[in-house]
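Residue-level structure breakdown
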Amino acid sequence: MCGIAGFTTEYPSGTDLDLGRSMVGALRHRGPDAQGVMQLNGAVFGHARLSIIDLSEAGNQPFVSEDGRYALVFNGEIYNFQKLRRDLEEQGVRFRTQTDTEVVLTLLIREGVSAVEKLNGMFAIAFWDNEAGTLDLIRDRIGKKPVYYTEHGGQLLFASELKALLVCPNVPRDIRPDAVYDFFAYQYVPDPKTIFENIFKLEPGSHLHRTRAGLIKIRRYWSPEMGEPESISMENAKAQLLDLIEDATKQRMISDVPLGAFLSGGVDSSGVVAMMAKGGKTVTTCSIGFKEKDFNETEFAQAVADQYRTDHRVYTVSEGVAERLLDICRFLDEPFADPSLVPTFLVSELARQDVTVALTGDGGDEIFAGYQKYATDWRETQLRNKFPSAFRTVMGQLAPALRKVPNKYLRRAGSLMHSLSLDPAKAFYVTNTSLDDHIWQLLLNDDFRQTLGDYHPSELTEYAYHQRDSKDHLSRLLYTDMHTYLPGDILVKADRMSMANSLELRSPLLDYRIIEFANRLPSALKFHKGDKKIVLRKALSPLLPPEILNRKKMGFSTPLAQWLRGELKAIAEDYLFHKGEGLAQLFRKDHVKLVWDQHQKGLFDHSAVLWTMLMYEIWWQRYLG
């Protein structure tokens, strides 16, 4: 796990290497073991290395071919590199190192960029041809590793994180208004947008090619498509899935440094730990707990740790969140407000005391329909189909009044009526986001309202939903989340919070073979009448106790409403009302105060929008204040 950075340069300058070093310096937390910068014929490549495979200096980057024509910087891990290496050796190739980096470079030289389709792993790759003057940027299939890029002054600049681009002189920092609206709706900025107008993320499974003349072409080489379901029995599906998970986990345990796992006590992470324990070695596991009982999962994690006799560590969050928040947020280059970033940072910090690599259960919920929102959507769909459209229209007209009432039961009734009045795609947007349109319109000032025009973030959810040409509603929901929420939220959180602690995370359930297998399964094997992750739980049932397999999902939930009335109250008041310059460009201060007061008095739970405002202002003060 590392950080990459670089830029094209038509007219090399004596300051190019200094700029490259500054970019790499901004990524040092991603790669504390070695930093390298190299001037090429038309480009500068930089790399910050976290040594995982082949710890010798021979594995340092940038990596250059023996003839000097090609150069590569690479962030990530290729889990099948040993097999690929053997295949190349049979063709007469001789390697200088034991790294996966050299295997990737060799494949790209011999077979072209299409060779990335042979790679099973997580990766962000920059590949340079000194003779042709071409640059290729490639991101892994599902988007585990990030790539940001921008064109400025005839150059193309790229990096693993935005902060490395922002050290470059004169790169504009003009805020993108629709991205701000997206952020408040989704709590993240969706690909390919960033918070800035002229900086972009390379989308997952994509390849950017830039010619010497500066022409850029982007193509999608892989996408988590939902094909027509195959006919398969539950028994066969269980057996095949278990084999895939076992192999994916085994591949991700290849490491020359200490390795462990995150253990929440949920099905996904517990299943991964069970697979790791098959190797016979004691697994180091790490869990985060909360003093608030409703958010504490440590007893379930402990049950799995006891069953597999892991070397288990637990950190309980009792206080100090306010003291740590600003430090944690400095690793976020864009506004990002998934509150589970806090426990993810803390469990990464805990794990890094003993290991350099940790396996996680990320991906199981998006692939196998594990979230409560899928059950909520199913119930609403059943109700929606029972009412004629005219009646649902009336519901939609009555809903806004009920949603303003302090009584929580009437508010829930209003929310349900609103959702039932919508078409399925728009209703999933409402279920999938934390921003009430009524609150948004209440907060907006006139200037920003006019700037946004008729833009609405639901366009992103609706576009993804309708991209999946199927009558199967659940497959459309999963397809939407795999294109939006998974890469935009879950994987961003995992990457930034682990890399903040120089820790590499690996996610067996995000192996592309498992994704493709799951996407071919009939929806009924994943979800049926509120029963979630059916095939995954049945596949893992021989390995896990019933209380783990059947309990309600919590994930890294946080006591956010309580924090904002206690632990985080002072820092929130400071940033929302005493600083607040960023928010003042968007919202009416008196209405921000109204929402704050309603939350403090317990009349409404406005924790989601208040937290999102806090995270926006903290970001704005750091980057634009």
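Coordinates for the structure precede this section.
Keep in mind it's a predicted model, so treat the numbers as computed, not measured.

What follows deals with the sheet that holds strand E16 (residues 357–359). Spatial strand order, E15-E14-E13-E16-E17: five strands in an open sheet with parallel pairing. Edge strands, defined here as strands with exactly one partner in the open sheet, are strand E15 (311–317) and strand E17 (504–506). Each strand axis lies, on average, 30° off the axis of its neighbour in the sheet, ignoring direction. Sheet analysis places strand E13 (residues 259–262) next to strand E14 (residues 284–290), joined by three bridges and oriented parallel. By the bridge assignment, Ala261 is partnered in E14 with Thr285. Packed onto the sheet, helix H7 (residues 267–277) meets E13, E14 and E16 and runs at close to 155° relative to E13. Across the sheet, helix H10 (residues 341–352) is in contact with E13, E14 and E15; its angle to E14 comes to roughly 145°.

Another aspect to go through is the pattern of salt bridges. Under the criterion given, the structure shown has 39 salt bridges. Notably, a salt bridge pairs Arg513 with Asp247, separated by 2.8 Å at the nearest N-O pair. Here the residue Arg513 occupies a position in helix H21 (residues 512–520), and Asp247 occupies one in helix H6 (residues 234–251), the gap between them amounting to 266 residues. Asp247 gets classed as partly exposed once you look at its relative accessible area, which sits at 30%. The shortest N-O distance in the salt bridge between Arg324 and Glu349 comes to 2.8 Å. In this pair, Arg324 sits in helix H9 (residues 321–329) while Glu349 sits in helix H10, placing the two residues 25 residues apart along the sequence.

Buried residues dominate strand E1 (residues 2–8), accounting for seven of its seven residues. Two elements, E1 and strand E3 (residues 43–49), share seven bridges in a ladder whose sense is antiparallel. Paired with Ile4 across the two strands is His47, which belongs to E3. Pairing between E1 and strand E9 (residues 155–159): three bridges, direction antiparallel. Following the sheet pairing, Gly6 is matched in E9 by Phe158.

With that settled, consider the environment of Leu444. Relative to the helices and strands, Leu444 resides in the loop between helix H16 (437–443) and helix H17 (446–452). C-alpha separation for the pair Leu444 and Glu102, spaced 342 residues apart in sequence, amounts to 52 Å. Contacts of Leu444, omitting those with residues within four sequence positions, involve Arg449, Leu452, Leu586, Phe587 and Arg588.

This paragraph deals with the side chain of Arg384. Structurally, Arg384 is set in helix H12 (residues 372–384). Of the buried charged residues, Arg384 lacks a salt bridge, with Glu380 as the closest side chain of opposite charge at 4.2 Å. If near-sequence neighbours (up to four positions away) are discounted, Arg384 is found in contact with Arg392, Ser419, Leu420, Leu422, Pro424 and Ala427.

The rules behind each value
- Residues numbered from 1 in each chain as written.
- Predicted model: local features only at pLDDT ≥ 70, side-chain atom pairs only at ≥ 80, totals over all residues.
- Heavy atoms only, no water.
- Pairing = 2+ DSSP bridges.
- Helix = DSSP H or I, 4+ residues; strand = E, 2+ residues; numbered from the N terminus.
- Axes fitted to C-alpha atoms, helices over the stretch in contact; angles between N-to-C directions.
- Contact = heavy atoms within 4.5 Å.
- Salt bridge = Lys/Arg side-chain N within 4 Å of Asp/Glu carboxyl O.
- Buried < 20%, exposed > 50% of the residue type's maximum accessible area, 1.4 Å probe, protein only.
- Lys, Arg positive; Asp, Glu negative; His and termini not counted.

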